[in-house]
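Geometric and topological summary
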Amino acid sequence: MRERQLKMILQYSILSVLILVLLFTSYSFLYKSHELNNLPRKVMNNTQINRQNLLNDLDRIYKNIGINEQSKEGVNNSEFQKLEKELPFKIPQDVQELYKWHNGVEQFIPAFEFLSLQDAVADYKRMIKFENEMKNDERFWKDNYLPILQFDDSFLVAECNSRSDTKIYSVWLEGSYTAKEYESIDQMLQIIVDAYISGAYYMNYNYLDENVILLQRVKRKYLSDEQINQIDLRW
């Protein structure tokens, strides 16, 4: 009888601990969701995009979800100029601001790393060498493509030219596939911030994950009809 009572007490104790853990986890999730939902709504409702505000919002989001330590300090002016000289083009102002914000983020969005400028320059040289060796009539990696985000053999590249808005292209090496992803750095940042707020991007244990349906809804708020048609074709 005593053994049975002890067994029941142990079972209730384990159950109580599990309930407490569940409540704590739920509270933490709701607290972080509350923090995120009250964070950059003012930015999203502004008609005038402020890039620095969006970058600041990302910093706060990363802190709230616990990955801010993966961000590297922004590149300084002397290092930036030194690395830029290794490229056959000038890095546009909006891309410069990204690298002066952070010189790389390990988990920038689900799967993709924001490359350090050192890695971006090294990957650029590698891809140009690859293109030259292939000697294809049509180059899928243009001479002014700077890789900024990477996942395995997939890149998001900034088309570096004299235009005020730097267009972002998706490049998939294995399939020699290239498509315009974003009309500008600002459009990309708006979508990323909104994706975190809406829960389209979320932490799954220690890694970023995405809800594909929610993400498509977010993108449709900001993308042009042409870009939406590109998404539909991919689906």
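Right above here is the structure, for reference.
First, a word on what this report is: a plain description of the structure on this page. (Residues numbered from 1 in each chain as written. Predicted model: local features only at pLDDT ≥ 70, side-chain atom pairs only at ≥ 80, totals over all residues. Heavy atoms only, no water.)

Next up on the list: the overall build of the protein chain. Tallying secondary structure elements over the protein chain gives 9 helices and 9 strands in all. Evaluated residue by residue, the protein chain yields a buried proportion of 44% over its 235 residues. Taking the intrachain contacts of the protein chain between residues at least 6 apart in sequence as the baseline, contacts between residues at least 24 apart amount to 56%. For the protein chain, the accessible area works out to roughly 14,200 Å², and carbon and sulfur atoms hold 52% of it. (Helix = DSSP H or I, 4+ residues; strand = E, 2+ residues; numbered from the N terminus. Buried < 20%, exposed > 50% of the residue type's maximum accessible area, 1.4 Å probe, protein only. Contact = heavy atoms within 4.5 Å. Areas by Shrake-Rupley, 256 points an atom, 1.4 Å probe, with all protein chains shown as cover.)

The subject of this paragraph is the environment of leucine 146. If you trace the backbone, leucine 146 turns up in strand S4 (residues 145-151). Its relative accessible area of 0% is what places leucine 146 among the buried residues. Along the primary structure leucine 146 and isoleucine 168 are separated by 22 residues, whereas in three dimensions their C-alpha atoms are 9.5 Å apart. In this view, leucine 146 contacts Leu87, Phe89, Ile91, Val95, Ala120, Leu156, Val157, Ala158 and Cys160; residues no more than four positions away in its chain are not counted.

A few words now on helix H7 (residues 185-198). Spanning 14 residues, H7 covers 20 Å between terminal C-alpha atoms, matching the ideal 20 Å at 1.5 Å per step. Buried residues dominate H7, accounting for 13 of its 14 residues. Residue glycine 199 follows H7 closely and has a positive phi angle near 90°. (Expected span 1.5 Å × (residues − 1).)

This part covers the sheet that holds S4. Spatial ordering of the open sheet is given by S1-S2-S3-S4-S5-S6-S7, a layout of 7 strands whose pairing is antiparallel. Lying at the two open borders of the sheet, with one neighbouring strand each, are strand S1 (71-73) and strand S7 (177-182). In this sheet, neighbouring strand axes are inclined to one another by 25° on average, regardless of whether the strands run parallel or antiparallel. (Pairing = 2+ DSSP bridges. Axes fitted to C-alpha atoms, helices over the stretch in contact; angles between N-to-C directions.)

Examined against the element boundaries, lysine 167 turns out to sit in the loop between strand S5 (154-159) and strand S6 (168-172). Accessibility expressed as a relative area gives 19% for lysine 167, which makes it buried. Once you skip the residues sitting within four places of it in the chain, lysine 167 turns out to touch Val157, Ala158, Glu159, Lys180, Tyr182 and Glu183.

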